[in-house]
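An overview of the molecular structure
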Amino acid sequence: IGVRLVGSEMCIRDSNMPIQKRVPIIETKRLCLYEMDITDAEGVFQMNNEKLVMMFTGDKPFSSITKAQEFCETYCPYKATGIGRWTLRLKENNDYVDWCGLKKHPNGEVDLGFRLSQKYWGKSLAYEAASECINYGFNTLDVLQLTARVHPKNQKSIDLIQRLSFDYQKKSKFRGRSMAILWNQ
């Protein structure tokens, strides 16, 4: 069991639940989106150490599989905010693809984010997952506006976000890094 304090709420996650018993939050033609748990640690660790995947994120790779396990066990915005980044797994073989989902910030803003392991680039999986996350946000959660933050040199992500009908809003700083802020209404 993983425990993490989020704001004033304690999150307790049971990491012993096997992947086959998890219920998808969202299903697409090729993907199942789940709440992240300990069974995702190996995939999270491997992806977080792919230099091209991490190039524009500002995040540091996990130093060990144990750190990735700790992250997966304690990642729990689902209970605190009702949303979070969801694990992506292929329906056909349950392979870990990475994550996509919505994140609610303390100021109330909800953003769309995604990250895919390099071997899944160019297969429209990010578009497929992100489209359904947007639909879920607007139609299930009644979110009024979504934003997306993209590094200004990450042209492929900018292209994808614009394909998802986000419009450029402004340049801004996020965690000390320059970002293009795009929004969708």
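Refer to the structure printed above.
Below or above, wherever it landed, is the structure these notes cover. Please read all numbers here as calculations on a predicted model, not as lab measurements.

A separate point is the pattern of salt bridges. If the charged atoms of two oppositely charged side chains come close together, the side chains can form a pair. Summed over the entire model, instances satisfying the criterion amount to six salt bridges. Arg 149 is paired through a salt bridge with Glu 109; the nearest N and O atoms lie 2.7 Å apart. You can see Arg 149 sitting in strand β8 (residues 146-150) and its partner Glu 109 sitting in the loop between β6 (96-104) and β7 (110-116), a full 40 residues away along the chain. Take Arg 149: its relative accessible area is 23%, and that puts it in the partly exposed class. Taking the relative accessible area as the measure of exposure, Glu 109 reaches 23% and is therefore partly exposed. Taken together, the salt bridges that share partners define one network made up of Arg 85, Glu 109, Asp 111 and Arg 149.

Turning to the packing of aromatic side chains, a few remarks are in order. One pass over the full model with this rule turns up four aromatic pairs. Judged by centre distance (5.5 Å) and plane angle (45°), the rings of Phe 62 and Phe 71 are tilted. Using a relative accessible area of 18% as the deciding quantity, one classes Phe 62 as buried. Ring centres of Trp 86 and Tyr 136 lie 5.4 Å apart, and the angle between their planes is 90°; on these two criteria the pair is classed as edge-to-face. Placement of Trp 86 in strand β5 (residues 85-90) and of Tyr 136 in helix α5 (residues 125-140) is noted, with a sequence separation of 50 residues between them. Site record: aromatic cluster; members linked through ring pairs are Phe 62, Phe 71, Tyr 75 and Tyr 78. In this structure, Arg 163 is placed above the aromatic ring of Tyr 127, and the distance from its NZ or CZ to the ring centre is 3.8 Å.

With that out of the way, let us pick up the environment of Leu 112. Take Leu 112: it is sitting in strand β7. Its relative accessible area of 2% is what places Leu 112 among the buried residues. Each C-alpha atom of the pair Leu 112 and Ser 131 lies 10.0 Å from the other, and the pair is 19 residues apart in sequence. Filtering out sequence-adjacent residues up to four positions away, Leu 112 remains in contact with Arg 85, Cys 100, Gly 101, Leu 102, Ala 130, Cys 133, Ile 134, Thr 147, Ala 148, Ile 161, Leu 164 and Phe 166.

Once that is clear, we can look at the nonpolar core. For soluble globular proteins, nonpolar side chains are generally found buried alongside one another. If you look at the biggest cluster of nonpolar residues, it comprises 43 residues, and the most contacted ones within it are Val 97, Cys 100, Leu 112, Cys 133, Ile 161, Leu 164 and Phe 166. Setting aside chain neighbours within four positions, we find Val 97 in contact with Leu 31, Leu 88, Arg 89, Leu 90, Leu 116, Ser 117, Tyr 120 and Leu 125.

In this section: unusual backbone geometry. Even without being glycine, Asp 98 reaches a positive phi, approximately 150°. Structurally, the position occupied by Asp 98 is in strand β6. The exposure class assigned to Asp 98 is buried, which follows from its relative accessible area of 0%. With a phi close to 75°, Ser 165 is a non-glycine residue in the positive phi region. Mapping Ser 165 onto the fold places it in the loop between α6 (155-163) and β9 (167-174).

Our next topic: the environment of Ile 83. Inspection of the secondary structure puts Ile 83 in the loop between α4 (77-81) and β5. Ile 83 sits 54 residues away from Gly 137 along the chain, and the two C-alpha atoms are 8.9 Å apart. Leaving out residues up to four positions away in the same chain, Ile 83 has contacts with Pro 77, Tyr 78, Leu 102, Lys 103, Lys 104, Val 110 and Leu 141.

Criteria and thresholds
Residues numbered from 1 in each chain as written. Predicted model: local features only at pLDDT ≥ 70, side-chain atom pairs only at ≥ 80, totals over all residues. Heavy atoms only, no water. Salt bridge = Lys/Arg side-chain N within 4 Å of Asp/Glu carboxyl O. Helix = DSSP H or I, 4+ residues; strand = E, 2+ residues; numbered from the N terminus. Buried < 20%, exposed > 50% of the residue type's maximum accessible area, 1.4 Å probe, protein only. Phe/Tyr/Trp six-rings, centres within 6.5 Å; stacked < 30°, edge-to-face > 60°. Lys NZ or Arg CZ within 6 Å of the ring centre and 35° of its normal. Contact = heavy atoms within 4.5 Å. Core = buried A, V, L, I, M, F, W, Y, C linked by side-chain atoms within 4.5 Å.

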